[in-house]
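Per-entry structural report
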Number of protein chains: 2
Amino acid sequence: MPQLNENFLKLEKNYLFINIAKKIKAYSDANPDADIIRMGIGDVTQPIAQCVIDAMKKGADEMAVKETFKGYEDSGAGYDFLKEAVSGYYSSFGVEIKPDEIRINDGAKCDCGNIVDIFGNDNVVLITDPAYPVYVDTNLMNGRRVIYADSNEQNSFAAMPDESVHADLIYLCSPNNPTGSVYTKDQLKEWISYAKKNNAIIIYDCAYEAFITEEDIPRSIFAVEGSRECAIEMCSLSKTAGFTGMRCGYTVIPDELTAKASDGSEVSISQLWGRRQGSKFNGVSYPVQCAAAAVFSEEGLKQTSENIKYYQQNAKVIASALDEMGIKYTGGKNSPYIWFKCPNNMSSWDFFDKLLSEANVVGTPGSGFGKNGEGWFRLTAFGDSERTKEAMERFKALKF
Amino acid sequence: MPQLNENFLKLEKNYLFINIAKKIKAYSDANPDADIIRMGIGDVTQPIAQCVIDAMKKGADEMAVKETFKGYEDSGAGYDFLKEAVSGYYSSFGVEIKPDEIRINDGAKCDCGNIVDIFGNDNVVLITDPAYPVYVDTNLMNGRRVIYADSNEQNSFAAMPDESVHADLIYLCSPNNPTGSVYTKDQLKEWISYAKKNNAIIIYDCAYEAFITEEDIPRSIFAVEGSRECAIEMCSLSKTAGFTGMRCGYTVIPDELTAKASDGSEVSISQLWGRRQGSKFNGVSYPVQCAAAAVFSEEGLKQTSENIKYYQQNAKVIASALDEMGIKYTGGKNSPYIWFKCPNNMSSWDFFDKLLSEANVVGTPGSGFGKNGEGWFRLTAFGDSERTKEAMERFKALKF
């Protein structure tokens, strides 16, 4: 009889967003005429830039011709043209990453979830709370001990290290999902110093870096000194260029990053991850890689930044409405997420139900991201601009 | 200090095909004028059918328009239109699979490698030897005990169960990679009966099913009675439709498939796998799914079958040359692989070196697939037809 990985049975049965989808379905089945505005799941709504689509179609055409047909990718880690484009993108904000330190994948979530394969199960994993559920769930699936660093109102939802606590793996996300908070360079220096003291590795998720507007907020952990010996970075085109349905991201593992095996040998993390991917991954679709490379072209960056500005305007609309109502929040400035305290000290799910049933607006209950999220709520700026305005009008009209 | 998953350190450092690539590179660096014919890695060479590319471009165009833009897929398991197309394909050879029993993925290798996540590490894993290295490596990565069922000359490289041995998870591949052997319905019945006696689950890889020409050879394990309670099937469009660089496959988990948890509860394998994918996967690129669905259209199947016939003709060329030389082989009839005994009782790698250096032809050493592969060699029929003929002429001219 196959023994199951029973760690799965200890997880919540469903992923947060699947639960939300079920609640919405139940409500709209009962109220078929309700005009629901979705500001829950962090999915984009603006179409992909035309020059990016043109590049994908060109790549598709190549697949129809014997001379230009592409089969398996040799490395499975991405074509050079795309790795060079990503490397150039990093350079544009002053961070030098070699193309071969970049591995192309089918989205940051996949690598974020799978990276744990290369680590043992006895590591202590430190995750900020609240957090993107993938960090927690994928570690619990292997039975690892997860400890939390509190993000809360006192620290503006940007948790800092507790020197009295030991950790081996540390998950950081900036701009943060769900709280929209960002780490400054000095704060990241503290985390890097903590990681080095603990010989820990930081798994840094910067999927929302394109939303950073302030000069002194790093767009990559590799903008901060000392990070190359202790960090892995994961980013994605999902939010940068509307690729949630296209599926392309990248992971950066610096050549310097190693860990000691029990026999004392130094093991390259990049090589270990390459070995994992060699057996469990086979590269990203060639036309998708063509599209991704076009995002980083001059025209691609120009067209794509229009979408980012559009969402940033939505963030302002949400933030202004909250200001008007006197509701406390983080995010919205360097982030597409706005994280606010539920009015009237309501619980996250109670407020979710009220917002859905009385305003027909869907958001994400903060408690779904961890205990410190209780009483807080996330709205995303990824919606349509008129609908976002309409949603905030309905929110303002709520009676408590 | 992060503890590594030290099971990785016990694996061979490099994946078989990476080693071969290195040997080829060393040879061609030393012999830049050598006209090397590659019949090693099982990669296709014919371009993708035009109607499939047209469907991909149409899907790409939809991504550029707000009204038809697609973001995250709700389930991450594939759009209904594709799951229904795959279900219809199964029906066309008499196998009924519900669309919701099908999960779309980015290639059979990925699911084949990742499926082990949902099983405990104390399972006994039975793998036929020789085998596709992914089955073995991904289990060794979790420290599972792997036992082998011998495929050899005596059983025409189609291993059968040994009733005296217990296993919890069983990997079968038909048409087989690397040996080209196929299981008959009666042979699969024996495996299913063995699995049921052991309460085991069969992981059935039929990535090469499109090459089956004989009526009585099942194209799916679900064509065989009793399989729905004990099997998971993985298939791919890589070989069916030239998708090695497009990345799309599918996994079938029947609703009936369950396993008992240690508390005695019945756990749905499909739900468990869904929970895994919910945290570590985010669906296949929408335009790729559009392309995949077009493969199963009437026109798609027609155009695609032309490519299959082209490769089948190559297989005949290889088989005829071996017949002429009096070399024993399996495969080639219901499979794109031809698996033969190295001439003169040479070892697999010795023959690899001779074939590369004296005929400038690349194949795959059988020993790379397991101990029973020693002294055997794999050639693929996925090459260009003229080059395949040329390769076999050079092979015939070799002096031993």
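Here the structure is a predicted model, which means the values were calculated and not measured.

This next bit is on helix 10 (residues 298–325) of chain A. Over its 28 residues, helix 10 of chain A extends 41 Å from the first C-alpha to the last, a length consistent with the 40 Å expected when each residue adds 1.5 Å. Gly 326 of chain A sits one or two residues past helix 10 of chain A and shows a positive phi near 70°.

Turning our attention to the environment of Met 141 of chain A. Assignment of secondary structure puts Met 141 of chain A in the loop between helix 5 (133–140) and strand 4 (145–150). For Met 141 of chain A, a relative accessible area of 1% puts it in the buried group. For the pair Met 141 of chain A and Lys 10 of chain A, spaced 131 residues apart in the sequence, the C-alpha separation amounts to 8.5 Å. Not counting residues within four places of it along the chain, the set of residues in contact with Met 141 of chain A comprises Asn 5, Asn 7, Phe 8 and Leu 11 of chain A together with Arg 275, Arg 276, Ser 279 and Lys 280 of chain B.

With 88 residues of chain B at the contact, the number on the chain A side is 88 residues. Both faces considered, chain B and chain A share a buried interface measuring about 7300 Å² in area, 57% of it formed by carbon and sulfur atoms. Broken down residue by residue, the surface that chain B buries against chain A is led by Met 1, Tyr 72 and Arg 275 of chain B, which jointly contribute 11%. Taken together, chain B and chain A are joined by six salt bridges. Between Asp 137 of chain B and Arg 275 of chain A there is a salt bridge, with the nearest N and O atoms lying 2.9 Å from each other. Here chain B and chain A share 43 residue pairs in polar contact (both at pLDDT 80 or more) between them. The leading source of residues in the side of chain B that touches chain A is helix 9 (residues 269–280) of chain B, at eight residues. Split into classes, the residues belonging to the side of chain B that touches chain A amount to 40 nonpolar, 27 polar and 21 charged.

Attention now goes to the nonpolar core. Of all hydrophobic cores here, the largest spans 148 residues; its most connected members are Ile 170, Ile 202 and Phe 243 of chain A together with Ile 170, Ile 202 and Phe 243 of chain B. Setting aside residues up to four positions removed in sequence, Ile 202 of chain B forms contacts with Ile 170, Leu 172, Trp 191, Ile 192, Ala 195, Ile 221, Cys 230, Ala 231 and Ile 232 of chain B.

Okay, the pattern of salt bridges next. As enumerated under the stated definition, the model contains 60 salt bridges over all chains in all. In this structure, Asp 29 of chain B and Lys 25 of chain B form a salt bridge, with 2.8 Å as the shortest nitrogen-oxygen distance. With Asp 29 of chain B and Lys 25 of chain B both in helix 2 (residues 16–30), this residue pair falls four residues apart, about one helical turn. Of the two residues, Asp 29 of chain B and Lys 25 of chain B, neither departs from the other in class, the shared state being exposed. Note that Glu 209 of chain B and Arg 219 of chain B form a salt bridge whose closest N and O atoms lie 2.9 Å from each other. A residue pair is termed long-range when its members are at least 10 positions apart, and Glu 209 of chain B in the loop between strand 6 (201–205) and strand 7 (231–236) and Arg 219 of chain B in the loop between strand 6 and strand 7 qualify at ten residues. A cluster of three or more residues bridged by salt bridges with shared partners is formed by Asp 35, Arg 387, Glu 390 and Arg 394 of chain A.

Under the fitted operation, chain B is carried onto chain A by 0.0 Å of movement along the axis and a turn of 180°, and the coordinates agree to an RMSD of 0.0 Å. Each copy turns onto its partner about a two-fold axis. Residue Lys 57 of chain B of chain B places its C-alpha closer to the rotation axis than any other residue of that unit, at 2.7 Å. Interface residue correspondence from chain B to chain A reaches 100%, placing this contact among same-surface, isologous pairings.

Per-residue confidence for chain A gives a mean pLDDT of 96; residues scoring 70 or more make up 100%. As a predicted assembly, this complex carries a pTM of 0.97 together with an ipTM value of 0.96.

Parameters at a glance
Residues numbered from 1 in each chain as written. Chains lettered and ligands numbered in written order. Predicted model: local features only at pLDDT ≥ 70, side-chain atom pairs only at ≥ 80, totals over all residues. Heavy atoms only, no water. Helix = DSSP H or I, 4+ residues; strand = E, 2+ residues; numbered from the N terminus. Expected span 1.5 Å × (residues − 1). Buried < 20%, exposed > 50% of the residue type's maximum accessible area, 1.4 Å probe, protein only. Contact = heavy atoms within 4.5 Å. Buried area = accessible area lost by both parts, 1.4 Å probe. Salt bridge = Lys/Arg side-chain N within 4 Å of Asp/Glu carboxyl O. Polar contact = N/O pair within 3.5 Å; in protein donor to acceptor, adjacent residues only side chain to side chain. Nonpolar A, V, L, I, M, F, W, Y, C, P; charged D, E, K, R; others polar. Core = buried A, V, L, I, M, F, W, Y, C linked by side-chain atoms within 4.5 Å. Least-squares fit on C-alpha atoms with pLDDT ≥ 70 in both. pLDDT = per-residue confidence, 0-100.

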